[in-house]
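Working through the structure, step by step
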Amino acid sequence: MKKLFVVTILSLVTLVAMAGHDRPDFGQRPKLVVGIVVDQMRWDYLSRYYDKFSADGFRRLIDRGYSFDNCLIDYVPTVTAIGHTSVYTGTTPAFHGICGNTFFIDGRKVYCCSDSTVSPVGTDNRSDGCMSPVNLLATTIGDQLRLHTDFRSKVIGVSYKDRAAILPAGHSANAAYWLDRKNRQFISSTYYMKELPQWAKDYNRQLLKNPVFKQLGKDIGLSSETGHITTDMAIAAIEGEQLGQGSETDMLCVSYSQTDVIGHKWGTRGEHTDDAYLQLDKDLERLFGTLDSKVGQGNYVVFLTADHGAAHNSEFMKAHRLHAGRWQSADLLKDLERHVASKLGNQKRVVLGIYDYRFYLDHTAIAAQGLTLKQVKDVVIDYLRQAPHISFVVDYEQAATAPIPPVVRDRILMGYHFHRSGDIIVCVEPGYYEFGSWSSPVGTTHGEWNPYDAHIPLLFYGWQIPHGAASCEVHITDIAPTICSLLHIQQPNGCVGKSLQFK
């Protein structure tokens, strides 16, 4: 009996010791975290181009890292500013408040990063330079990292698009750099600094001598050269700021936006898109090579994902007898205003605008004409339910009880912010997408709940990341808590995602 007791005690001690051994050391962290977002990258591009990717570009992540093959966006609409913000905050528009690239806040139209209280740095171009995270309501991974280290960690964002540099980096970032499209220089704003650091000025001087970049026309985002210079700027930041060289973990947020511009212009198929991803593969190879030499293999962790995917071009789909088409929101709005006036007798417009399948009603104009919001909503919803190629019409305030499939209803709710998302949202039929005067007939767009817009790549590589893959459903909001778990820091303050396990 005594012997059995001793054996039992020893077994318990061993189990406790083993459990303690499995717990990660809170003092162990990578020297650098690199977040990469590829704008408009569908998940299936990983397999589509796999045989053409180099061993040290995308395939370094696929072949030596860990892939979550079923990562979905868990809100609508699926657009750039929301996607970048959700990756780094671990939450959705309902909490972080970035409800689109452009949206209304209580009837006031805003661009997601526009900030009249700041001035441009590195340019006199106010339209491109007066930017900050002013409209972001939640913290990011970088904010939490800075808080945890008493702001000793460095956090920097780099991208062609201002929103793709600013929103990932967060409120307390040391810097965010984006491209002044007029003067073709990387710039920032007084939110971050009074003047560009010397290394950024030096790189901008090199950029002015770039023969390919100088020859590009107005739409510089349509060239893979934009991806090359984004990589060059990221490498300049690594070297100039000595990222990953200090006593605390640093973070670099790099977003590649040329893929989105090219996709909108030329779609998901063809030589332009093919070349964009093969050129990006070379850029990733250069970036990883710099990380190896400057930070050291095994000393940094990388994640790569997308802010959204994209639908196939509707004409391409129809040519292959697949259900698809264009949803002409501008034409629909004109007919809708006439219909409301015929029913309610109003003399002035009642719709502020349509953005990303959401209808913003003009509450002030409605009240001034002696109408109630409910009256107008009822007429608008009735009209939209009769319109062609619309699957669902939802009054945001009634979304929780709307008679629609839960998979759609839940994403509508997670994408809804009372002050910023408008009044009514529609979901168009599979294969259909919004098409307006800005659209390319051979291009594409995104914004809906469907897999082509919402299924995105999610790859991890580097420090303490095993090789493997998982097919379980995960979400864009799981990225931030996963990185925070690796760093042993608190999750962003609006985080709703879960920390992923590498098995």
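Check the entry above for the structure.
Attention here is on the structure that accompanies the text. (Residues numbered from 1 in each chain as written. Predicted model: local features only at pLDDT ≥ 70, side-chain atom pairs only at ≥ 80, totals over all residues. Heavy atoms only, no water.)

Another point: the nonpolar core. Grouped together as the largest cluster of nonpolar side chains are 111 residues, with contacts concentrated most on Ile36, Tyr177 and Leu291. If sequence neighbours within four positions are ignored, leucine 291 has contacts with Leu32, Val34, Ile238, Gly296, Tyr300 and Val302. Core analysis: the next-biggest nonpolar cluster, separate from the first, contains 30 residues, Trp327, Phe359, Ile366 and Tyr452 among them. (Core = buried A, V, L, I, M, F, W, Y, C linked by side-chain atoms within 4.5 Å. Buried < 20%, exposed > 50% of the residue type's maximum accessible area, 1.4 Å probe, protein only. Contact = heavy atoms within 4.5 Å.)

Another aspect to go through is the pairing of strand β13 (residues 351-355). Pairing geometry for β13 and strand β14 (residues 358-361), over four bridges, is antiparallel. Within the sheet, the bridge partner assigned to valine 351 lies in β14 and is leucine 361. Connecting the antiparallel pair β13 and β14 is a turn made up of two residues, with aspartate 356 showing a positive phi of about 55°. (Pairing = 2+ DSSP bridges. Helix = DSSP H or I, 4+ residues; strand = E, 2+ residues; numbered from the N terminus.)

Here the focus is the environment of valine 340. Inspection of the secondary structure assignment puts valine 340 in helix α15 (residues 329-344). On a C-alpha basis, the gap between valine 340 and arginine 420 in space is 23 Å, while along the polypeptide they are 80 residues apart. Among residues more than four places away in sequence, those in contact with valine 340 are Gly345, Asn346, Val350, Val379 and Val380.

The strand order across the open sheet formed by 10 strands is β6-β9-β8-β7-β10-β1-β11-β19-β2-β20, and the pairing between neighbours is mixed. The open sheet is flanked by β6 (120-121) and β20 (468-470), the only strands paired with a single partner. Sheet analysis places strand β7 (residues 155-159) next to strand β8 (residues 175-180), joined by three bridges and oriented parallel. Within β8, the position partnered with isoleucine 156 by the bridge is alanine 175. Packing against the sheet, helix α11 (residues 225-240) makes contact with β7, β8, β9 (185-189) and β10 (250-256), and its axis sits at approximately 170° to β10. Sheet strands touched by helix α13 (residues 271-294): β1 (32-38), β10 and β11 (300-305). Its angle to β1, the strand with the most contacts, is close to 175°. (Axes fitted to C-alpha atoms, helices over the stretch in contact; angles between N-to-C directions.)

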